[in-house]
Amino acid sequence: MWLRDREWLSGCFITGVGVAVTLYCLANYPLGTFDDVGPGMFPVIMGAFMCVCGLPSIFSTHSERGATLSKIELRPLAAVLAGISACALFIQPFGLIPASTALVFITGMGRKGFDLLHLAFLSAALAIFTSVIFIGLLKVPMELLTWPF
Amino acid sequence: MDTVITNLTIGLESALTPETLLFCFIGVFLGTLLGVLPGIGSLISLSLLFPFTFHLSPTSAIVMLAGIYYGTAYGGSIASILLGLPGTPANVAVVEDGYAMARKGRAGIALFLTAIGSFIGGSVGIILMMVASPAIAGIALKFAAPEYFGLMLLGLVAASTMSSGPPVKALAMVAFGIILGLVGLDTNSGTARLIFNNLELYDGISVVIIAMGLFGIAEIVGSISRLSSTSVFSGRITFRSMIPTRQDWRRSAGAIARGAGIGSFFGTLPGTGGAIAAFMSHLVERRVSKNPEEFGDGAIEGVVGPETANNAADQTAFIPTMTLGIPGSASMAIILGVLIIHGITPGPRLVSEHPEVFWGLVMSFWIGNLMLLVLNIPLIGLWVRLLSVPYKFLYPSVLLCCCLGVYSLNSSTFEIWMIVLLGMLGYVLRLLELQAAPLILGFVLGPLMEEHFRRALLVSRGSFKIFVERPISAGLLALCAILLIFALLQSRRRKRELPQPTLKL
């Protein structure tokens, strides 16, 4: 049950989610009876089903064992998630242009050998493009640039 | 025969006016453009663009909306094939094979054949609309809660057997998707489920967020380092590479025919639609194919069949809307709303009282489909060049459009945070080699399935016998069981054939 074994980990994940959902829904939502199905019934069934589905992967001994987890690419992952978070943080207080610039720069830094000048051009072009489409064409209520203080 | 010709003439008269043609073109063009942008699908485009139609005549308004509807469907296909991002849940069925084809440089062929397949699928749907609307409405009425439940279960089983991985894990993903779909307010009991005190989740998680987060983010994170200095496909894109080979045509012909049939069937049932039709088509193509191991790696049937089915279903979805006044999907509901605003009440009396509207619509659907084909085939070269954009420019653009598209759903940043969360989940799934496609189908069908399940049990007063006593329902459940057993047997056979790990001496 080596910790990097992908098969075992996926089984744990599935069963884990299944157990969590089943227990949470059993505790919080009434199951009802079969002729008056309550809100908890379906989630609990699905959760229990997930538990069961995960078990073969946890206990199996067939030859797919030994496949280890592929490498977690931390830099791109962090860059993408941080960039999107920046967009979420900036869009309402500061507007579209700061949010999109932040996203482009931060996610752009996710790859080795990024070029600040390229990113600057890209963010300018994207700012124009998205303002035309989202604010101009689709009339989504978004500020281009504001200062909240 | 006489009446059909009279009807066609009436229809053509209203459809071929310059005004109608113009708005059809605008609708198709705008729709395709918006559909390509990740994060924007038919529902968002229709919601955001339909105020423009208030000032138009009813026929023009509907024609423009129908154009937007088809355009976004096709735009979604473009995004799935070129970027690996499903534009709508229905596109999930083609993302794997379509994107694989793009990576091999065959994107032009994929786009070309899907355009043709979609046109044929739409045409078959329209013919059915013209000829068989009342009969189809009659069959659709035979489907009640137990049948719908069986149908959706079948769709989910189809989705789990469609993935190349072990079916047990796919089924687990389906269940996970259903659970995610149940997040939000339960209309039957008034309880808000799994929202963990976030009121924004009252309406549930939006499907756009699931698609973008689970597919888009994970795919992009995985590709950033791999494609760092190049593009998705860096070979030369010649005109010749966009023309399908004879073998491609031969394989697609069957897929298109089957897809059109499957899609026409599923589209007429209100509440099911493009997604389930596309997944079923993919399943059928896989079972029928002479080379099933190609699926997942660029099998043309796996792209053309589902897209044809999707379009046929989108087309026949108009049948229950127009003849019964029951919208088949949220997008149909918007179109229905627009019709009512313009004073046209769809229903059984529409055909007899306003024949020029009904037949005008039918004809303009055809013209819309044709226009989609004509407009997009020359543009395929342009779209495919998108692939040669260096990935370092492509991926921030895609991410930005996703975020903004999602933000425009509710003007709330909560949705963007949800993408972060789901992106992490999507990446975890990717690391664990758990398939996301069955999850999204479970997500879309889960709540509906629960509703039908409850309703069926309510009618039968708690007895499960209702599912097996009704013939159609029993048949569907039997089919599910057969597919499942088949899939489990196949996977066990596959496991036995894998080389056993040998001891190193």
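Residues numbered from 1 in each chain as written. Chains lettered and ligands numbered in written order. Predicted model: local features only at pLDDT ≥ 70, side-chain atom pairs only at ≥ 80, totals over all residues. Heavy atoms only, no water.

## Re the overall build of chain A
Next up, step 1: For chain A, the helix and strand inventory stands at five helices and two strands.
Next up, step 2: Going from the N terminus to the C terminus, chain A shows its helices and strands as α-β-β-α-α-α-α.
Next up, step 3: Taken against the 2.2 N^0.38 rule, which gives 15 Å for 149 residues, the C-alpha radius of gyration of chain A at 24 Å runs more than 25% over that of a compact globule.
Next up, step 4: The principal-axis extents of the C-alpha atoms in chain A amount to approximately 55 × 45 × 30 Å.
Next up, step 5: A burial count over chain A gives 48% of its 149 residues as buried.
Next up, step 6: For chain A, contacts bridging at least 24 residues in sequence account for 60% of all contacts bridging at least 6.
Next up, step 7: Put simply, chain A shows about 7400 Å² of open surface, and 75% of that area lies on carbon and sulfur atoms.
Next up, step 8: Mean positive and mean negative side-chain charge positions of chain A (8 and 8 charges, respectively) differ by 16 Å. (Helix = DSSP H or I, 4+ residues; strand = E, 2+ residues; numbered from the N terminus. Rg over C-alpha atoms; globule rule 2.2 N^0.38 Å. Buried < 20%, exposed > 50% of the residue type's maximum accessible area, 1.4 Å probe, protein only. Contact = heavy atoms within 4.5 Å. Areas by Shrake-Rupley, 256 points an atom, 1.4 Å probe, with all protein chains shown as cover. Lys, Arg positive; Asp, Glu negative; His and termini not counted. Charge placed at Lys NZ, Arg CZ, Asp CG, Glu CD.)

## Concerning the packing of aromatic side chains
Next up, step 1: Under the definition given, this model contains 15 aromatic pairs over all chains.
Next up, step 2: Their ring planes at 75 degrees and their centres at 6.1 Å tell us that A:Tyr24 and A:Tyr29 sit as a pair that is edge-to-face.
Next up, step 3: For the pair B:Phe149 and B:Phe467, a centre-to-centre distance of 5.2 Å together with 50 degrees between the ring planes defines the contact as tilted. Of this pair, B:Phe149 sits in helix α7 (residues 145-162) while B:Phe467 sits in helix α20 (residues 465-469), and the two are 318 residues apart along the sequence. The pair B:Phe149 / B:Phe467 is uniform in exposure class, with both members buried.
Next up, step 4: Connected via pairs of aromatic rings, a cluster forms that spans A:Phe42, B:Phe149, B:Phe453, B:Phe464 and B:Phe467.
Next up, step 5: Here the basic side chain of B:Lys392 rests over the ring of B:Phe393, its NZ or CZ set 5.6 Å away from the ring centre. (Phe/Tyr/Trp six-rings, centres within 6.5 Å; stacked < 30°, edge-to-face > 60°. Lys NZ or Arg CZ within 6 Å of the ring centre and 35° of its normal.)

## Some remarks on the pattern of salt bridges
Residue and element names in this part refer to chain B.
Next up, step 1: Scanning the model with the defined rule gives ten salt bridges over all chains in all.
Next up, step 2: The shortest N-O distance in the salt bridge between Glu450 and Arg193 comes to 2.9 Å. On the criterion of sequence distance, the pair formed by Glu450 in helix α19 (residues 437-459) and Arg193 in strand β2 (residues 192-193) is long-range, its members being 257 residues apart. Arg193 matches Glu450 in its accessibility class, with the two residues each being buried.
Next up, step 3: Each of the salt bridges in this network shares a partner with another, and the network as a whole consists of Asp186, Arg193, Glu450 and Arg454. (Salt bridge = Lys/Arg side-chain N within 4 Å of Asp/Glu carboxyl O.)

## Section: the environment of B:Gly177
Next up, step 1: With respect to the helices and strands, B:Gly177 occurs in helix α8 (residues 167-181).
Next up, step 2: Ignoring anything within four residues of it in the chain, the contact list for B:Gly177 reads B:Leu439, B:Gly442 and B:Phe443.

## Points about the packing of helix α9 (residues 207-226) of chain B against α19(B)
All names here are of chain B.
Next up, step 1: Contact geometry of α9 with α19 gives a least axis separation of 11 Å together with a crossing angle of 170 degrees. Considering their axes alone, α9 and α19 lie roughly antiparallel with respect to each other. From α9, Val207, Ile210, Ala211, Leu214 and Phe215 reach across to α19, where they touch Ala437, Leu439, Ile440, Phe443 and Val444.
Next up, step 2: Here the residues of the contact of α9 with α19 are counted per class, giving ten nonpolar, no polar and no charged. (Axes fitted to C-alpha atoms, helices over the stretch in contact; angles between N-to-C directions. Parallel < 35°, antiparallel > 145°, perpendicular 65-115°, else oblique. Nonpolar A, V, L, I, M, F, W, Y, C, P; charged D, E, K, R; others polar.)

## A short note on the interface of chain A and chain B
A common way to express how large an interface is: the accessible area buried when the components associate.
Next up, step 1: Across the boundary between the two partners, chain A contributes 64 residues, which contact 76 residues of chain B.
Next up, step 2: Counting the surface lost from both chain A and chain B, the interface buries some 6200 Å², and carbon and sulfur atoms represent 79% of this.
Next up, step 3: Sorting the residues of chain A by area buried against chain B places A:Phe42, A:Arg111 and A:Leu138 first, and these three jointly supply 11% of that buried surface.
Next up, step 4: Taken together, chain A and chain B are joined by one salt bridge.
Next up, step 5: Note that B:Lys169 is salt-bridged to A:Glu7, the shortest N-O span being 3.4 Å.
Next up, step 6: Seen at the junction of chain A and chain B, the total is eight residue pairs in polar contact (both at pLDDT 80 or more).
Next up, step 7: Those elements giving two or more residues to the side of chain A that touches chain B turn out to be α1 (6-28), α2 (41-59), α3 (74-94), α4 (96-108) and α5 (116-137) of chain A.
Next up, step 8: Looking at the side of chain A that touches chain B element by element, the count peaks at eleven residues for α3(A).
Next up, step 9: Broken down by class, the residue content of the side of chain A that touches chain B amounts to 42 nonpolar, 15 polar and seven charged. (Buried area = accessible area lost by both parts, 1.4 Å probe. Polar contact = N/O pair within 3.5 Å; in protein donor to acceptor, adjacent residues only side chain to side chain.)

## Points about the environment of A:Thr107
Residue and element names in this part refer to chain A.
Next up, step 1: Its place among the elements puts Thr107 in helix α4.
Next up, step 2: Assessed through its relative accessible area of 0%, Thr107 is described here as buried.
Next up, step 3: Taking the C-alpha atoms as reference, Thr107 lies 4.9 Å from Val80; in sequence the two are 27 residues apart.

## Some thoughts on the confidence of the model for chain B
Next up, step 1: On average, chain B scores 79 in pLDDT, and the residues at 70 or more come to 87%.
Next up, step 2: Across the predicted assembly, pTM comes out at 0.79 and ipTM at 0.88. (pLDDT = per-residue confidence, 0-100.)

## Comments concerning a nonpolar patch on the surface
Next up, step 1: Taken together, the side chains of A:Val19, A:Leu23, A:Leu26 and A:Leu31 define a hydrophobic patch exposed on the protein surface, amounting to about 320 Å² of accessible area.
Next up, step 2: Mapping A:Val19 onto the fold places it in helix α1. (Patch = residues over 30% accessible without salt bridge, like charges linked within 9 Å, V, L, I, M, F, W, Y side chains within 5 Å.)

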